[in-house]
Structure formats: structure tokens, C-alpha cells
Amino acid sequence: MEYIRIIDSKDYVEQKVQIKGWVANKRSSGKIAFLQLRDGSAYFQGVALKSQLGEALFDAITHLNQETAVEVVGTIQEDGRSKFGYEIHIEDLKVLGDSVDYPITPKAHGTDFLMDHRHLWLRSSKQHAIMQIRNEIIHATFEFFYERGFVKIDAPILTGVAGENTTDLFEVDYFGDNAYLGQTGQLYAEAGAMAFGKVFTYGPTFRAEKSKTRRHLTEFWMIEPEIAFCDHEDSLKLQEEYVAYLIQHVLDHCDYALDVLGRDREVLKRYTQLPFPRITYDEAIEMLQKADFDVEWGADFGSPEETYIAEHFEKPVFIMNYPKAIKAFYMKDHPDRDDVVLCADLIAPEGYGEIIGGSERETDYDILREKIINFGLNPDDYDWYLDLRRYGSVPHSGFGLGLDRFVTWVTGNKHIRESIPFPRLLNRLYP
RNA sequence: UCCGCAAUAGCUCAGUCGGUAGAGCACGUGACUGUUAAUCACGCUGUCGCAGGUUCGAGUCCUGCUUGCGGAGCCA
């Protein structure tokens with residue numbers, strides 16, 4: 001007899017198999033009982049008949065506690081009365097681990113309570129679906145970049161200096177010296193691009209900002225590709241191809257999860273149609289001023305502004321060429337203008353905000369050194385980074401995609417905290 | 001950090017004009033052969049966030065604090 005996973009049950013109809021999993025819920029009548037079983041791969045129901053199992057076993061089954069770990073032997077049946085379409089007719093059941101007073105009942109709970117029990121909440125079907133989609137997006141990321149000859153390099157998490165100067169850093173003691181948890185792997189990715197041509201990083205990044213919104217985490221995961229011999233235009237094309245690839249992969253591989261979440265596939269399909277619209281920062285300012293937003297040229301956009309702009313497009317929209325004063329020091333000046341840089345943010349529709357920020361990087365040693373000084377940073381700290389311009393500097397571009405925000409958008413979630421297994425927020429470090 | 005809202009049973013909430021604490025669910029017992037958060041009957045469940053004040057009397061009114069939530073700023 002074969003031990004199978006629930007997700008594969010369609011291949012075992014009418015066969016006697018073994019399932020190992022947990023009892024998510026149960027319902028019983030006098031002579032028939034339904035166990036809602038989950039094994040990590042999917043959820044389906046087990047049917048137990050008193051007439052077949054005998055008094056003792058049937059009685060034990062109707063008294064199983066929620067989240068008891070069980071080993072079930074039975075026959076797989078196709079049945080439209082089951083939500084999953086397949087079910088197992090139980091012939092034998094063994095308890096592997098009891099579960100007393102499981103805190104998350106199949107009724108309404110508040111977010112705070114659920115977050116206190118995040119380690120258990122991950123077992124529930126909606127959270128399971130979100131994490132499946134997150135996993136597929138990570139999978140598709142590696143696939144996308146490997147198919148295109150990229151090398152995955154690991155940026156350090158502990159760093160001696162700030163990557164950008166705009167945000168607060170988590171400070172840690174490093175054998176008596178100050179060190180920081182990295183807020184971007186980009187500078188290291190640039191070193192990687194000069195070694196391997198095309199690289200991407202995937203790792204956690206940290207921002208000690210006291211942000212309290214549905215779009216912010218203090219620890220979040222970024223994917224940062226960096227490509228040598230690549231100008232800003234090439235980078236934009238890669239960005240939209242990458243986003244469309246991720247969405248298509250989710251459509252192809254996450255059917256059940258999208259159903260559980262009730263996400264509209266037609267809306268997602270729209271996001272696979274290229275190219276994405278592009279507007280300049282100047283045009284965005286004009287749009288906002290016409291709509292009576294109180295913004296001057298030179299200001300950065302807040303989220304109401306971003307949402308307003310995004311509402312005018314059916315797909316993600318690139319906003320290009322921001323004023324240099326509000327962007328990072330490493331961005332390359334626009335060839336025809338001295339007040340803006342070669343960069344773009346990709347704003348997701350439906351109010352999900354910025355999901356990608358990217359730019360062409362400054363290649364000239366003297367200009368870059370001056371930019372570092374103008375941003376109030378110490379060029380000595382960036383000596384290794386300046387070396388990249390000292391020895392065979394070439395045009396290169398890159399971008400960073402915020403995985404957790406991307407997952408929030410694709411899953412249609414309201415809040416970013418459900419898009420990562422264990423969110424780190426201003427007021428949450430447990431569990 | 002700023003603005004707004006909230007805190008009552010294990011969970012989700014109600015609690016009128018200030019007058020002796022309520023419901024549903026969970027859990028327990030029983031009934032029920034196709035349930036989909038099953039249903040029905042009975043039973044069990046309390047430091048009303050903390051500290052102080054007003055009052056004959058405070059879950060309710062006032063002050064401070066704590067914690068959480070929503071939003072802003074900052075950003076991916």
C-alpha cells in the first residue's frame with residue numbers, strides 16, 4: 001500500500017492508500033463522520049462509516065481533537081460533494097500525536113490573536129495558500145534568472161556602512177565595533193556584476209523605520225538583479241518581463257491557492273500583457289497638480305499620490321527620472337538634464353504601491369565620489385565600492401523587487417503581514 | 001513621532017439613562033448515514049487592560065498610563 005500526499009489523490013482513485021496528516025476539523029452524524037484532513041500539500045475530507053469501522057474506532061474518530069496528528073488508511077474516491085473533488089473512505093486510523101485545546105478554532109478571530117499564534121495560523125487554508133504562492137514566486141524568480149544566465153550571489157547581512165542614507169538602520173555590536181543589518185544588497189550585487197556579468201541576490205533586508213502601515217515590515221525580502229553592459233532601457237524591459245513571468249507562473253502553478261483566496265484570474269492575466277505603461281516624474285507631477293494634489297516639483301510621492309497615479313492605468317506603471325535630490329547617491333545623471341537621474345519605480349495597481357525601484361548606476365569614479373560627499377557620506381567607507389569604477393568600469397543597471405509586497409499584491413491581500421511566514425513589525429517580534 | 005479608534009468569558013462581540021455580568025462560538029454530554037465554519041437539546045466559562053478620581057453606587061463618567069488597530073510621514 002502506498003503512502004501518498006493529498007495533492008496527488010486524483011492519481012489514486014479507487015486505490016487503497018495511506019495518508020499522514022492532521023485533523024483540521026470534523027463533523028459527525030450518528031453513523032457517519034467527516035474529518036477535514038490536511039497534510040501540508042492540500043486539504044480534503046475523510047469519510048468514516050460506523051457500519052464499516054465498528055463502534056470503538058468510530059467513537060474514537062468522532063472524539064478526535066482539532067489538529068490531532070493521524071495516520072489514515074483508506075480508499076480514494078472521486079466525489080463532487082467534497083469541496084476538493086476527492087476524498088478518502090477511512091478503513092483504519094491511528095493517532096500519532098494528540099492535540100488538546102488548540103487555540104485557533106474554526107470561527108472568527110482577530111488579527112492580533114492570530115498573529116500571536118502565527119506559528120499555528122500558518123496551518124490554516126488561507127495562510128497555506130498565500131505561502132504556496134510566495135513559494136512559487138521564489139521558485140519562478142530563480143527559474144527566470146537562471147534561464148537568462150544570471151548567477152545568484154549572496155550579499156552580506158552584516159555591514160559596516162549604510163547602503164543608502166535615507167533610512168534608519170538596525171545597529172548591532174560587532175566585537176566592540178558598530179555594524180548594521182543591511183538595508184540593501186545592491187552595492188555588493190554591483191561587485192558581483194563586475195565578476196559574473198549578470199547576478200541577482202535574494203535575501204532579507206532590514207529597515208528600522210517606525211512605519212506603521214499595511215505596506216511595511218522591518219524585515220523584508222528583496223530580489224536585486226544587477227547587470228553589466230546594461231543601460232536603463234534594457235533594465236526596464238527586463239523588469240517588466242520578470243514581473244509578467246512571475247504572474248504567469250502563479251497562474252500556471254497556483255490554481256487551488258488562487259481559488260482559496262478568491263483572486264480574480266482575469267485581473268492577473270492583464271498584468272502579463274507587455275509592455276507596461278511609462279510616464280516621467282514630470283508628467284506624474286503634472287497629473288497630480290491637475291487633480292489638486294498639493295505637490296511641487298522636487299517632492300517625493302506619498303502613498304495617496306502613488307495610488308492616484310496607479311488608478312489611471314490597468315497595469316503596473318513605471319514612473320521614470322526622479323529628481324536626483326530624492327534618490328540614492330549611486331544613480332546615474334540623465335544625459336540631457338542635470339536635475340534628474342536615470343531611474344524608475346514600478347507602481348502596482350489596486351493601491352499596492354511601489355514594488356520595484358531601479359536605476360542605471362553611476363560609472364565615473366570622480367562623479368560618484370562627489371555624489372557620495374554631497375549626500376553627506378564618508379567616501380573612505382565606500383572605497384571598495386569606488387574600486388568598481390577604478391578597475392574597468394562599465395555601464396550597468398539593476399533593480400530591487402520587494403518580495404513581500406509583490407506577494408501581497410498577487411494574492412490580493414489587504415496587509416503585508418500575512419505575506420511572510422513570521423512578520424517583523426514595529427510592535428511584533430513574537431513568535 | 002503625529003492624528004483617530006479600541007480594550008468585557010479560551011475566541012468574536014453586546015451591555016440602553018450610572019443601579020447585582022450577557023449572547024454566539026469553542027469545550028463537555030446526548031440525538032442525527034453526505035456534512036461543507038453541519039444542525040438541534042442540555043451543561044460549563046469572568047481580576048470588565050492597569051492606576052487613580054467623581055458618586056450612596058462605575059463595565060458605563062473624568063484623568064494618567066499600557067497594549068493593540070487604522071491612517072500619515074519614510075520606503076520595497
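Above this text is the structure in question.
Remember, it's a predicted structure, so these values are computed and weren't measured experimentally.

The next subject is helix 12 (residues 365-374). Residue pairs three or four apart in sequence face the same way in an α-helix, which turns once every 3.6 residues. Along helix 12, the residues classified as buried are Leu368, Lys371 and Ile372. Along the axis of helix 12, the buried residues cluster in a sector spanning 100°; they form a single face. For helix 12, exposure combined with an orientation more than 90 degrees from the buried face picks out Asp366 and Asn374. Considering only its buried residues, helix 12 is in contact with helix 13 (383-390). For helix 12, the side-chain oxygen to backbone nitrogen distance between the N-cap and Asp366 is 3.1 Å, and the N-cap itself is Asp364. Looking one or two residues beyond helix 12, the residue adopting positive phi is Gly376, at roughly 80°.

Let's shift gears to the side chain of Thr363. Position of Thr363 relative to the elements: it lies in the loop between strand 16 (353-360) and helix 12. Residue classification places Thr363 among the buried positions, given a relative accessible area of 19%.

Taken together, the side chains of Leu158, Tyr174 and Phe175 make up a nonpolar region of the molecular surface, amounting to roughly 370 Å² of accessible area. Within the secondary structure layout, Leu158 lies in strand 8 (residues 158-159).

Ranked by size, the top nonpolar core spans 47 residues in total, and within it Phe406 and Trp409 carry the most contacts. Setting aside its immediate chain neighbours within four residues, Trp409 contacts Val243, Ile247, Arg263, Tyr271, Pro316, Ala348, Pro349, Glu350, Tyr352 and Ile355. With 27 residues, the next largest nonpolar core counts Leu288, Val295, Met331 and Ile372 among its residues.

For the rest of this paragraph, the subject is the sheet that holds strand 10 (residues 177-181). In spatial order, the strands read 8-10-9; together these 3 strands make up an open sheet with antiparallel pairing. Each end of this open sheet is capped by a strand with a single partner; those strands are strand 8 and strand 9 (171-174). In terms of strand pairing, strand 8 meets strand 10 through 2 bridges, oriented antiparallel. Across the sheet, Thr159 pairs through a bridge with Tyr180, a residue of strand 10.

What surrounds RNA strand B is a group of 52 residues, the closest being Arg27, Pro106, Lys107, Arg214 and Arg405. Here a base oxygen of RNA strand B sits 2.6 Å away from a polar atom, N or O, in the side chain of Gln45. In this structure, a sugar or linking oxygen belonging to RNA strand B sits 2.2 Å away from a side-chain N or O atom of Arg405. At the level of secondary structure, the elements contributing two or more residues to the surface near RNA strand B comprise strand 2 (16-28), strand 3 (32-38), strand 4 (43-49), strand 6 (86-97), helix 3 (111-116), strand 12 (219-228), helix 11 (303-310) and strand 16.

Let us now look at unusual backbone geometry. That bond from Leu274 to Pro275 is cis: its omega, 0°, falls within 30 degrees of zero. In this structure, Pro275 sits in the loop between helix 9 (265-270) and strand 13 (278-280). Omega for the bond connecting Tyr430 with Pro431 falls within 30 degrees of zero, at -5°, which places this linkage in the cis form. Its location among the elements puts Pro431 in the segment after helix 14 (403-411). One non-glycine residue, Phe229, lies in positive phi territory at about 55°. Looking at where Phe229 falls in the secondary structure, it is placed in the loop between strand 12 and helix 7 (232-253).

Cut-offs and rules
- Residues numbered from 1 in each chain as written.
- Chains lettered and ligands numbered in written order.
- Predicted model: local features only at pLDDT ≥ 70, side-chain atom pairs only at ≥ 80, totals over all residues.
- Heavy atoms only, no water.
- Buried < 20%, exposed > 50% of the residue type's maximum accessible area, 1.4 Å probe, protein only.
- Helix = DSSP H or I, 4+ residues; strand = E, 2+ residues; numbered from the N terminus.
- Arc of directions from axis to C-beta.
- Contact = heavy atoms within 4.5 Å.
- Polar contact = N/O pair within 3.5 Å; in protein donor to acceptor, adjacent residues only side chain to side chain.
- Patch = residues over 30% accessible without salt bridge, like charges linked within 9 Å, V, L, I, M, F, W, Y side chains within 5 Å.
- Areas by Shrake-Rupley, 256 points an atom, 1.4 Å probe, with all protein chains shown as cover.
- Salt bridge = Lys/Arg side-chain N within 4 Å of Asp/Glu carboxyl O.
- Core = buried A, V, L, I, M, F, W, Y, C linked by side-chain atoms within 4.5 Å.
- Pairing = 2+ DSSP bridges.
- Near = heavy atom within 4 Å.

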